[in-house]
Amino acid sequence: MKIHLYVKIISILICSSCIVTSSQSPEDTGAIFEKVVRNAIKSSTRLHGIIADDGKSFQKAMELLSTGKDISIKIGVQIPDMDGLREGNDFFLEFDPTVEAMVEDHRWLFPYAAWTDTVQALPFNVHGYQWCSSIFKPSDIKTRKEALHFGRSACTSRSTESAEQQAGMCYDCQNSDMISKTLEFPAMSMRDLLERIDHKSVKLFDIDAQGADFEIVKSLGPLVRNIKTVKMECQDFSDDKNNWFLYNSNVPNNCTAARLYLERHGFELLKQETNNCGCNEYNLYMHRSGHSK
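Residues numbered from 1 in each chain as written. Predicted model: local features only at pLDDT ≥ 70, side-chain atom pairs only at ≥ 80, totals over all residues. Heavy atoms only, no water.

## As for the overall build of the protein
In step 1: In terms of helices and strands, the protein carries nine helices and 11 strands.
In step 2: Sorting the 293 residues of the protein into buried and exposed places 49% on the buried side.
In step 3: Intrachain contacts of the protein at a sequence separation of at least 6 include 64% that bridge at least 24 residues.
In step 4: Accessible area of the protein: about 15100 Å², with a carbon and sulfur share of 52%. (Helix = DSSP H or I, 4+ residues; strand = E, 2+ residues; numbered from the N terminus. Buried < 20%, exposed > 50% of the residue type's maximum accessible area, 1.4 Å probe, protein only. Contact = heavy atoms within 4.5 Å. Areas by Shrake-Rupley, 256 points an atom, 1.4 Å probe, with all protein chains shown as cover.)

## Focus on the packing of aromatic side chains
In step 1: In this structure the tally under the stated criterion is 12 aromatic pairs.
In step 2: The interplanar angle of 80° and the centroid separation of 5.6 Å between the aromatic rings of Phe-33 and Phe-58 together place this pair among those described as edge-to-face. Taken together, the residues span a long stretch of sequence, with Phe-33 in helix H2 (residues 26–42) and Phe-58 in helix H3 (residues 57–66) at a distance of 25 residues.
In step 3: Look at Phe-58 and you get buried, because its relative accessible area is 0%.
In step 4: Measuring from centroid to centroid gives 5.8 Å for Phe-124 and Phe-185, while their planes differ by 85°, and the two rings are edge-to-face. (Phe/Tyr/Trp six-rings, centres within 6.5 Å; stacked < 30°, edge-to-face > 60°.)

## So, the state of the cysteines
In step 1: Scanning the model with the defined rule gives four disulfides in all.
In step 2: Between the sulfur atoms of Cys-170 and its disulfide mate Cys-279 the distance is 2.1 Å. In this structure the cystine formed by Cys-170 and Cys-279 twists about its S-S bond by roughly -65°; its chirality is therefore left-handed. Of this pair, Cys-170 sits in helix H6 (residues 160–173) while Cys-279 is found in the loop between strand S10 (267–276) and strand S11 (281–288), placing the two residues 109 residues apart along the sequence. The burial state of Cys-170 is the same as that of Cys-279; both residues are buried.
In step 3: Between the sulfur atoms of Cys-234 and its disulfide mate Cys-255 the distance is 2.1 Å. (Disulfide = S-S within 2.5 Å.)

## A look at the nonpolar core
In step 1: Counting residues in hydrophobic clusters, the biggest one holds 71 residues, and the most contacted among them are Ile-73, Leu-93, Trp-108, Met-190 and Phe-205.
In step 2: With six residues, the top contributor of residues to this core is H2.
In step 3: When neighbours within four sequence positions are excluded, Phe-205 is seen to be in contact with Ile-73, Ile-75, Met-190, Ile-216, Val-217, Leu-220, Ile-227, Thr-229, Val-230 and Lys-231. (Core = buried A, V, L, I, M, F, W, Y, C linked by side-chain atoms within 4.5 Å.)

## Considering the sheet that holds strand S5 (residues 113–115)
In step 1: If you walk across this open sheet you meet the three strands as S5-S7-S6, and the pairing is mixed. In the strand order of this sheet, the two ends are held by S5 and strand S6 (119–127), each with one partner. Recorded for the sheet is a direction-independent mean angle of 45° between the axes of neighbouring strands.
In step 2: Across three bridges, S5 lies against strand S7 (residues 179–189) in parallel orientation. (Pairing = 2+ DSSP bridges. Axes fitted to C-alpha atoms, helices over the stretch in contact; angles between N-to-C directions.)

## As for the pairing of strand S1 (residues 70–75)
In step 1: Extensive coverage of S1 is indicated by the burial of five of its six residues.
In step 2: Here S1 pairs with strand S2 (residues 90–95) via six bridges, running parallel. By the bridge assignment, Lys-74 is partnered in S2 with Glu-94.
In step 3: In this structure, S1 lies alongside strand S8 (residues 202–207), joined through four bridges in parallel fashion. Its bridge partner being in S8, Ser-72 is matched across the sheet by Leu-204.

## Remarks on the side chain of Arg-196
In step 1: Considering the arrangement of structural elements, one finds Arg-196 in helix H7 (residues 190–196).
In step 2: With residues up to four places along the chain from it excluded, the contact list for Arg-196 reads Gly-30, Phe-33, Phe-58 and Gln-59.

## Some thoughts on the packing of helix H5 (residues 144–154) against H6
In step 1: Orientation of H5 relative to H6, taken along the N-to-C sense of each, is 130°, at an axis distance of 8 Å. By the criterion of interaxial angle, the relationship of H5 to H6 is oblique. Seen along the crossing, H5 lies across H6 with a hand that is right-handed. For the pair H5 and H6, the contacting residues are Arg-144, Ala-147, Leu-148, Gly-151 and Arg-152 in the first and Thr-160, Ala-163, Glu-164, Ala-167, Gly-168, Tyr-171 and Asp-172 in the second. (Parallel < 35°, antiparallel > 145°, perpendicular 65-115°, else oblique. Left-handed = near helix turned anticlockwise from the far one by under 90°.)

This is the structure we're talking about:
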């Protein structure tokens, strides 16, 4: 009995030591965040040499770039779509590891992943179709035949050909054979980002993170109340047993769960519009009560 007790005590001490060693303190997270930001600044001819390397790089860059402008955040940049989102007084912080860094009067584009934690290297699965690339691996739930059958049932307002085309796009995204490589990119925590933005509110939080949308929104915690409007991509299924989530995410990217979560934080539904009927994919728009629309 004594031997077993000693072993148990030693195991607890070793485990406790592991927890302390592996966990990151707020100071560590802040240091990593600043390192990621400094690397982004070095890649910009406009910012490099202007921002001092003194641990406040992000705040100084934001003061230089966005003073007097409304801040919006865009995750998953689709370049042709951005002009329609921007207004004259908007400044966008944009995140996409598949594009090159860019600094302009109206945007600061980070070639990094947006995530729940700030880390120096996060695996990112590069898909044959750029818009399907994700932090998460594809789900591989359905065969092509099953996918097309699902699409014909779900896209009732479309022709059979159109329904199968929509479902085919979904199938390609959830097909692991389409992953060309897995690379590591720095990742920035969106909670860390909101804590460092010297603005009382973010005008628009527009997220298309291929299965990570709801998980990133939840990671914001109480800071989600600093956002006026959330636009996110999600999927909805009335029967959880017969769902077709495209990615093996930690938190199911479910529209209903996201809507209920945001409503508990003072948001109201603006609209939910179909993005791809082939796999019940939608764009969910939520607006925080008390902000003008």
